[in-house]
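A structural walkthrough
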Amino acid sequence: ETGVTQTPRHLVMGMTNKKSLKCEQHLGHNAMYWYKQSAKKPLELMFVYNFKEQTENNSVPSRFSPECPNSSHLFLHLHTLQPEDSALYLCASSQDPGGSQETQYFGPGTRLLVL
Amino acid sequence: GQNIDQPTEMTATEGAIVQINCTYQTSGFNGLFWYQQHAGEAPTFLSYNVLDGLEEKGRFSSFLSRSKGYSYLLLKELQMKDSASYLCAVRDGDYKLSFGAGTTVTVRA
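Residues numbered from 1 in each chain as written. Chains lettered and ligands numbered in written order. Predicted model: local features only at pLDDT ≥ 70, side-chain atom pairs only at ≥ 80, totals over all residues. Heavy atoms only, no water.

Thoughts on the pairing of strand β4 (residues 32-37) of chain B
Residues and elements named next belong to chain B. Convention followed: The buried label applies to any residue whose accessible area, calculated with a 1.4 Å probe on protein chains only, is under 20% of its type's maximum; exposed applies above 50%, and partly exposed to all values in between. Helix and strand definitions here come from DSSP, where helices need a minimum of 4 consecutive H or I residues and strands a minimum of 2 consecutive E residues; each element is numbered from the N-terminal end. At least two bridges found by DSSP between two strands is the condition for calling them paired.
Among the six residues in β4, six count as buried, and that is most of the element. Taking every second residue as pointing to the same face, both faces of β4 are buried, with Leu32, Trp34 and Gln36 on one and Phe33, Tyr35 and Gln37 on the other. Examined bridge by bridge, β4 and strand β5 (residues 44-49) share five bridges and lie antiparallel to one another. When the bridges of β5 are listed, Trp34 appears paired with Ser47.

Considering the interface of chain B and chain A
Quick reminder of the rule: Here a residue-residue contact requires only that any non-hydrogen atoms of the pair lie within 4.5 Å. Once two parts are joined, some of their accessible surface, as seen by a 1.4 Å probe, is lost; buried area is that loss totalled over both. In the sections that follow, a salt bridge refers to a side-chain nitrogen of Lys or Arg positioned within 4 Å of a carboxyl oxygen of Asp or Glu.
Tallying the contact residues gives 19 residues for chain B and 26 residues for chain A. Across the chain B/chain A interface, buried area totals approximately 1,800 Å², and carbon plus sulfur atoms make up 55% of it. Per-residue buried area on chain B facing chain A is highest for Tyr95(B), Lys96(B) and Phe99(B); these three make up 33% of the total on that side. Counting the contacts that link chain B with chain A gives one salt bridge.

Overview of the state of the cysteines
What we call a disulfide is simply a covalent bond connecting the sulfur atoms of a pair of cysteines. Residue and element names in this part refer to chain B. Defined as follows: A pair of sulfur atoms, both from cysteines and within 2.5 Å, is called a disulfide here.
One pass over the full model with this rule turns up two disulfides over all chains. Across a sulfur-sulfur distance of 2.0 Å, Cys22 and Cys88 are joined as a disulfide pair. With the S-S bond torsion at -70°, the cross-link from Cys22 to Cys88 turns out left-handed. Of the two residues, Cys22 sits in strand β3 (residues 18-25) while Cys88 sits in strand β9 (residues 84-91), which places them 66 residues apart along the sequence.

Describing the confidence of the model for chain B
To keep things clear, this is the line we draw: A score from 0 to 100, pLDDT tells how confident the predictor is in each residue.
Residue-level pLDDT values for chain B average 94, and 99% of them are 70 or greater. Mean pLDDT across the elements of chain B ranges from a minimum in strand β10 (residues 97-99) of chain B, with 91, to a maximum in strand β8 (residues 70-75) of chain B, with 98.

Remarks on the pattern of salt bridges
Using the criterion set out here, one finds five salt bridges over all chains in the structure. Glu56(A) is the salt-bridge partner of Lys96(B), the closest N and O atoms lying 3.3 Å from each other. Here the residue Lys96(B) occupies a position in the loop between β9 and β10, and Glu56(A) occupies one in strand β6 (residues 53-57), the pair thus bridging two chains. Given a relative accessible area of 26%, Lys96(B) falls into the partly exposed group. Among the residues examined, Glu56(A) registers a relative accessible area of 16% and is labelled buried. Linking Arg66(B) and Asp52(B) is a salt bridge whose minimum nitrogen-to-oxygen distance equals 3.0 Å. With a gap of 14 residues between them, Arg66(B) in the loop between β7 (60-65) and β8 and Asp52(B) in the loop between β5 and β6 (53-57) connect regions that are remote in the sequence.

So, in C-alpha coordinates, the structure goes:
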(Lines give C-alpha, C1' and ligand atoms only; values in the text may rest on other atoms or scores of the structure.)
Protein backbone atom coordinates (compact mmCIF):
# COMPACT_ATOMS: atom_id res chain seq x y z
CA GLU A 1 0.00 0.00 0.00
CA THR A 2 1.49 3.30 -1.08
CA GLY A 3 1.91 6.11 1.44
CA VAL A 4 1.62 8.66 -1.37
CA THR A 5 -1.82 9.49 -2.71
CA GLN A 6 -2.77 11.54 -5.75
CA THR A 7 -6.05 13.03 -6.90
CA PRO A 8 -7.64 12.96 -9.33
CA ARG A 9 -6.53 9.70 -10.88
CA HIS A 10 -7.82 10.72 -14.29
CA LEU A 11 -8.38 14.18 -15.74
CA VAL A 12 -9.59 15.41 -19.11
CA MET A 13 -9.30 19.12 -19.77
CA GLY A 14 -9.51 21.58 -22.60
CA MET A 15 -6.67 23.87 -23.51
CA THR A 16 -8.37 26.87 -21.90
CA ASN A 17 -9.21 25.16 -18.60
CA LYS A 18 -7.50 25.60 -15.26
CA LYS A 19 -7.15 22.56 -13.03
CA SER A 20 -4.98 21.40 -10.15
CA LEU A 21 -3.40 18.07 -9.29
CA LYS A 22 -3.00 17.16 -5.64
CA CYS A 23 -0.48 14.95 -3.93
CA GLU A 24 -0.32 13.97 -0.27
CA GLN A 25 2.30 11.87 1.45
CA HIS A 26 1.66 10.09 4.75
CA LEU A 27 5.25 8.98 5.31
CA GLY A 28 6.65 11.92 7.25
CA HIS A 29 9.06 12.72 4.43
CA ASN A 30 10.75 16.06 3.87
CA ALA A 31 11.00 16.20 0.09
CA MET A 32 8.39 15.96 -2.64
CA TYR A 33 8.71 15.70 -6.42
CA TRP A 34 6.67 16.04 -9.59
CA TYR A 35 7.51 13.84 -12.59
CA LYS A 36 6.01 13.59 -16.06
CA GLN A 37 5.79 10.15 -17.68
CA SER A 38 4.97 10.03 -21.37
CA ALA A 39 4.48 6.80 -23.29
CA LYS A 40 7.74 4.98 -24.05
CA LYS A 41 9.81 7.85 -22.59
CA PRO A 42 11.81 8.09 -19.38
CA LEU A 43 10.30 9.77 -16.36
CA GLU A 44 11.12 13.46 -16.51
CA LEU A 45 11.73 15.33 -13.27
CA MET A 46 9.75 18.57 -13.21
CA PHE A 47 10.00 20.07 -9.72
CA VAL A 48 11.55 19.28 -6.36
CA TYR A 49 10.59 20.69 -2.99
CA ASN A 50 12.76 20.13 0.06
CA PHE A 51 11.34 21.28 3.40
CA LYS A 52 8.70 23.24 1.43
CA GLU A 53 11.34 25.15 -0.56
CA GLN A 54 11.60 24.65 -4.29
CA THR A 55 15.08 23.33 -5.04
CA GLU A 56 14.62 22.24 -8.65
CA ASN A 57 12.73 23.54 -11.65
CA ASN A 58 13.76 21.44 -14.58
CA SER A 59 13.03 24.03 -17.29
CA VAL A 60 9.32 23.42 -17.01
CA PRO A 61 6.98 25.75 -18.99
CA SER A 62 5.18 28.34 -16.89
CA ARG A 63 1.79 26.80 -17.70
CA PHE A 64 2.74 24.33 -14.93
CA SER A 65 2.83 25.99 -11.53
CA PRO A 66 3.74 24.00 -8.40
CA GLU A 67 2.74 24.80 -4.85
CA CYS A 68 3.96 23.19 -1.64
CA PRO A 69 2.13 24.58 1.42
CA ASN A 70 3.74 22.04 3.79
CA SER A 71 5.93 18.96 3.68
CA SER A 72 2.94 16.65 3.29
CA HIS A 73 1.12 18.33 0.41
CA LEU A 74 2.10 19.22 -3.11
CA PHE A 75 0.00 20.72 -5.87
CA LEU A 76 0.50 21.19 -9.58
CA HIS A 77 -1.63 23.96 -11.03
CA LEU A 78 -2.35 23.65 -14.74
CA HIS A 79 -3.49 26.37 -17.14
CA THR A 80 -3.63 26.78 -20.91
CA LEU A 81 -2.06 23.37 -21.47
CA GLN A 82 -1.24 21.89 -24.86
CA PRO A 83 -2.18 18.43 -26.22
CA GLU A 84 1.47 17.36 -25.92
CA ASP A 85 1.16 17.84 -22.15
CA SER A 86 -1.04 14.74 -22.04
CA ALA A 87 0.83 12.24 -19.87
CA LEU A 88 0.92 10.50 -16.52
CA TYR A 89 1.96 12.92 -13.77
CA LEU A 90 3.61 11.21 -10.86
CA CYS A 91 4.28 12.58 -7.42
CA ALA A 92 7.01 11.15 -5.20
CA SER A 93 8.40 11.80 -1.75
CA SER A 94 11.60 10.97 0.07
CA GLN A 95 12.86 11.21 3.62
CA ASP A 96 16.20 12.85 3.46
CA PRO A 97 17.60 14.18 0.18
CA GLY A 98 21.30 13.49 0.22
CA GLY A 99 21.01 10.51 2.55
CA SER A 100 23.11 7.49 1.67
CA GLN A 101 20.20 5.23 0.76
CA GLU A 102 17.69 7.89 -0.05
CA THR A 103 14.71 6.27 -1.81
CA GLN A 104 11.84 7.99 -3.54
CA TYR A 105 8.34 6.60 -3.08
CA PHE A 106 5.79 7.24 -5.81
CA GLY A 107 2.09 7.88 -5.90
CA PRO A 108 -0.20 6.19 -8.45
CA GLY A 109 -0.22 9.19 -10.74
CA THR A 110 -2.80 11.34 -12.49
CA ARG A 111 -3.52 10.38 -16.09
CA LEU A 112 -4.03 13.70 -17.88
CA LEU A 113 -5.57 14.14 -21.31
CA VAL A 114 -5.57 17.60 -22.89
CA LEU A 115 -8.01 18.08 -25.73
CA GLY B 1 23.44 15.05 -20.36
CA GLN B 2 22.36 11.79 -18.85
CA ASN B 3 22.06 8.65 -20.96
CA ILE B 4 20.46 5.54 -19.54
CA ASP B 5 19.70 2.63 -21.85
CA GLN B 6 17.66 -0.48 -21.28
CA PRO B 7 15.82 -2.81 -23.68
CA THR B 8 12.29 -1.85 -24.57
CA GLU B 9 10.65 -5.24 -24.22
CA MET B 10 11.40 -8.77 -23.04
CA THR B 11 9.28 -11.89 -23.00
CA ALA B 12 9.83 -14.98 -20.88
CA THR B 13 8.02 -18.09 -19.72
CA GLU B 14 6.60 -18.63 -16.26
CA GLY B 15 9.21 -20.23 -14.02
CA ALA B 16 12.12 -19.03 -16.14
CA ILE B 17 14.81 -16.41 -15.46
CA VAL B 18 15.06 -13.01 -17.13
CA GLN B 19 17.93 -10.54 -16.97
CA ILE B 20 17.27 -6.87 -17.71
CA ASN B 21 20.39 -4.89 -18.56
CA CYS B 22 20.91 -1.20 -17.97
CA THR B 23 23.87 0.88 -19.13
CA TYR B 24 24.41 4.45 -18.08
CA GLN B 25 26.55 7.47 -18.84
CA THR B 26 25.89 10.19 -16.29
CA SER B 27 27.69 13.27 -15.06
CA GLY B 28 27.87 11.82 -11.56
CA PHE B 29 27.02 8.61 -9.74
CA ASN B 30 25.49 8.25 -6.32
CA GLY B 31 23.61 4.98 -6.60
CA LEU B 32 21.45 3.00 -9.01
CA PHE B 33 17.83 2.04 -8.40
CA TRP B 34 15.43 -0.43 -9.95
CA TYR B 35 11.69 0.16 -9.80
CA GLN B 36 8.76 -2.02 -10.88
CA GLN B 37 5.71 -0.40 -12.43
CA HIS B 38 2.53 -2.30 -13.22
CA ALA B 39 0.28 -0.71 -15.82
CA GLY B 40 -1.69 2.16 -14.33
CA GLU B 41 0.09 1.94 -10.98
CA ALA B 42 2.87 3.69 -9.09
CA PRO B 43 6.50 2.69 -9.60
CA THR B 44 7.56 0.67 -6.56
CA PHE B 45 11.11 0.42 -5.24
CA LEU B 46 12.86 -2.90 -5.87
CA SER B 47 16.57 -2.46 -5.23
CA TYR B 48 19.46 -0.08 -4.67
CA ASN B 49 23.14 -0.55 -5.55
CA VAL B 50 25.92 1.89 -4.82
CA LEU B 51 28.89 -0.48 -4.58
CA ASP B 52 29.99 -3.04 -7.15
CA GLY B 53 28.52 -6.49 -6.81
CA LEU B 54 25.31 -8.38 -6.42
CA GLU B 55 22.43 -7.56 -4.09
CA GLU B 56 19.91 -10.35 -3.61
CA LYS B 57 16.35 -9.96 -2.40
CA GLY B 58 14.35 -13.14 -2.71
CA ARG B 59 13.60 -13.86 -6.36
CA PHE B 60 15.08 -10.54 -7.47
CA SER B 61 18.78 -9.67 -7.63
CA SER B 62 20.54 -6.56 -8.87
CA PHE B 63 24.14 -6.23 -10.00
CA LEU B 64 26.32 -3.16 -10.47
CA SER B 65 29.66 -2.50 -12.15
CA ARG B 66 30.56 1.16 -11.77
CA SER B 67 33.66 0.93 -13.96
CA LYS B 68 31.54 -0.39 -16.83
CA GLY B 69 28.53 1.83 -16.21
CA TYR B 70 26.40 -1.30 -16.14
CA SER B 71 23.71 -2.89 -14.04
CA TYR B 72 21.29 -5.73 -14.41
CA LEU B 73 18.13 -6.86 -12.66
CA LEU B 74 17.68 -10.61 -12.48
CA LEU B 75 14.20 -12.03 -12.01
CA LYS B 76 14.11 -15.71 -11.08
CA GLU B 77 11.25 -18.21 -10.95
CA LEU B 78 9.11 -15.85 -12.98
CA GLN B 79 5.46 -15.52 -12.04
CA MET B 80 2.61 -14.04 -14.05
CA LYS B 81 2.42 -11.14 -11.61
CA ASP B 82 5.98 -10.15 -12.60
CA SER B 83 4.62 -8.85 -15.92
CA ALA B 84 5.36 -5.14 -15.58
CA SER B 85 7.68 -2.36 -16.65
CA TYR B 86 11.07 -2.25 -14.92
CA LEU B 87 12.74 1.14 -14.59
CA CYS B 88 16.46 1.70 -14.13
CA ALA B 89 17.37 5.01 -12.47
CA VAL B 90 20.69 6.61 -11.58
CA ARG B 91 21.13 9.17 -8.83
CA ASP B 92 23.76 11.62 -9.97
CA GLY B 93 23.74 13.98 -7.02
CA ASP B 94 22.05 14.33 -3.67
CA TYR B 95 18.57 13.39 -4.79
CA LYS B 96 18.06 13.83 -8.53
CA LEU B 97 17.15 10.61 -10.33
CA SER B 98 17.58 10.10 -14.07
CA PHE B 99 15.46 7.29 -15.45
CA GLY B 100 15.69 4.95 -18.39
CA ALA B 101 12.61 4.51 -20.56
CA GLY B 102 11.77 1.19 -18.89
CA THR B 103 11.69 -2.44 -19.98
CA THR B 104 8.31 -4.08 -20.39
CA VAL B 105 8.50 -7.71 -19.29
CA THR B 106 5.75 -10.07 -20.41
CA VAL B 107 5.52 -13.43 -18.65
CA ARG B 108 3.75 -16.15 -20.61
CA ALA B 109 2.26 -19.35 -19.24
